[in-house]
Amino acid sequence: MKKIYFNIISLMMIAISFSSCSDWLNVNPSDEIKEDYLFETGDGYQTALNGIYRKMATFDLYGSNLTWGIVDAWGQVYSMQNAPTDGAGQAMCKIAKLNFNNSELTPTTDKMWNAAWNTIANCNELIQKAESADSTIFYLGDFERKLILSEAIGLRAYLHFDLLRMYAPAPAANPGKKTYIPYVNYYPAYVNENISVSECLEHIIADLKKAQEALYLLEGKKTTSLSANKRFQQSASGKKLFFALRGYRLNYWATTALLARVYLYAGMKEEAYKEAKILIDEEKKYGFFQAVTSAYTGPKNIEAGNIKMYENIIFGLYSATELVDWDADINHGSDGIEEDYQTYLCWDSEMIDQYFGDEKDSDWRFKYQFESKYYDYYYRPLKYNKQSESSTFGPVNNKTIPMIRMSEVYYIAAECLYDTGDPVKMNAAKSYLKYVKQGRGIRNPKMDDIETKDQFMEALIYDARREFVGEGQTLFIYKRLNQVLPSFDNGDITPIEANFVLPKPAYESNIK
């Protein structure tokens, strides 16, 4: 295991160094390694792609802000009553109260904005170079060139989608032809016109379909490397390392899941279900991305360090330090003092009762991913709490940022089926939700009491809130549905643009 991570870190350390720029319109990839030299060899292309993944895993993006950090605080995932009021906790407290322009928050959101567009710029340069590259410079020839190109195209879409979800209204809010952000697909990009939400989604879908089609031809029929252990733990060395550990890459299966996520956000439920069904059928056939954790081995695995229940993570980012560092700083920095004065993010007992209900005693997400504090009134999340490096699953869980889970694919399929109003499909939707619940230790989920669409969606959302703690998806569920966002600290948040759309940095205010 140590050898695996040493090899990964070695690749990451030679990756391109990225720098932020005050104006994303002029943001360029770093020139610390001259482009002509970098793209002379296949290894240089690998280094460029690894650098993009590494940048995405930093604190400014998915290492914090776009997962456990400000996006989850904005989504009212936590009660902030006991949160630290400095560092990352300070920014989270401000965005939780919707103080978007607060001077203690904007440095964080500005860095997030710059980092995202900088990474897109690097994707675009890599795409353009790979499109015209001589395949003979690559270790595996045209296969490798196309693999790098397809992943970069998919990552460009991934980043644009999250920027759209933050800086523009959801389609359900009927934004019309008003423009919000551009879709930047060329390097260098000095001037780009903002486009509408629907136009941006069209570009995102087009890029994802292009990546999906290519990745299917490259890896879609290869089933031997997709078990959980091989996705995240398989040992490899030398030239083969780049092609191993596909769980840390935007692989074919992850691109398909992302397409389902985007289609659902766009309100295209037939298309969303079609993509989700591809993964569901494949899981049933091969067991790649189990949406369940075995009732027999589940608790044993969790106790052996599998705190994230990583078997059903289709795509995750590799992070050497960010995941455990945030938990140490935010949730454990004050350990050792009287409990009354400790600082941490939390769910209070009312949140636990609402979202877990009668299933609390059996749901492994409550039993293992939360810790009771202050006489069972507060519970702090443990999903990113550092696991023992000597445990069976600790090294993987400590370094993996969940990006797309199979459980989400089942949620998507369930919502799309129930929405049809067809009794047979509605029962299938219930079975999908029941399957996910059972995979989290709930032996007999109560599904018979669900009779209306509102009841079904409430059950699905409540389960998703348990599943996505620290993963940056809760806000977008309510935003996509144009529903009131429950908050235990700030009162219910109405789904209006002022609450659900993050303002662009002040220095970008003149961009139309």
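Values in this document were obtained by computation on a predicted structure and should not be read as measured data. (Residues numbered from 1 in each chain as written. Predicted model: local features only at pLDDT ≥ 70, side-chain atom pairs only at ≥ 80, totals over all residues. Heavy atoms only, no water.)

Novice: Where do I start with the overall build of the protein chain in this structure?
Specialist: The helix and strand tally for the protein chain stands at 21 helices and seven strands. Relative to its 512 residues, the protein chain shows a buried fraction of 60%. For the protein chain, restricting intrachain contacts to residue pairs at least 6 apart in sequence, the fraction spanning at least 24 positions comes to 74%. When the accessible surface of the protein chain is summed, it comes to about 20300 Å², and 49% of that surface belongs to carbon and sulfur atoms. (Helix = DSSP H or I, 4+ residues; strand = E, 2+ residues; numbered from the N terminus. Buried < 20%, exposed > 50% of the residue type's maximum accessible area, 1.4 Å probe, protein only. Contact = heavy atoms within 4.5 Å. Areas by Shrake-Rupley, 256 points an atom, 1.4 Å probe, with all protein chains shown as cover.)

Novice: Teacher, can you tell me more about the side chain of E275 here?
Specialist: When you line up the elements, E275 lands in helix α11 (residues 269-286). The side chain of E275 is buried and forms no salt bridge, while K274, the nearest opposite charge, is found at 5.6 Å. Looking at E275, its side chain comes within polar contact range of the side chain of Q212, at 2.8 Å. (Lys, Arg positive; Asp, Glu negative; His and termini not counted. Salt bridge = Lys/Arg side-chain N within 4 Å of Asp/Glu carboxyl O. Polar contact = N/O pair within 3.5 Å; in protein donor to acceptor, adjacent residues only side chain to side chain.)

Novice: Explain the packing of helix α8 (residues 197-220) against helix α10 (residues 252-265) here, please?
Specialist: A packed helix pair is summarised by two numbers, namely the angle formed by the two axes and the spacing between the axes. Across the interface, α8 lies against α10 with an axial gap of 8 Å and an inter-helix angle of 155°. Here α8 lies roughly antiparallel to α10, going by the angle between them. Considering how the two elements wind past one another, α8 and α10 form a crossing that is left-handed. Packed against α8, whose contacting residues are L201, I204, I205, L208, K209, A211, Q212, L215, Y216, E219 and G220, the element α10 presents Y252, W253, T255, T256, L258, L259, V262, Y263 and Y265 at the interface. Broken down by class, the residue content of the contact of α8 with α10 amounts to 14 nonpolar, four polar and two charged. (Axes fitted to C-alpha atoms, helices over the stretch in contact; angles between N-to-C directions. Parallel < 35°, antiparallel > 145°, perpendicular 65-115°, else oblique. Left-handed = near helix turned anticlockwise from the far one by under 90°. Nonpolar A, V, L, I, M, F, W, Y, C, P; charged D, E, K, R; others polar.)

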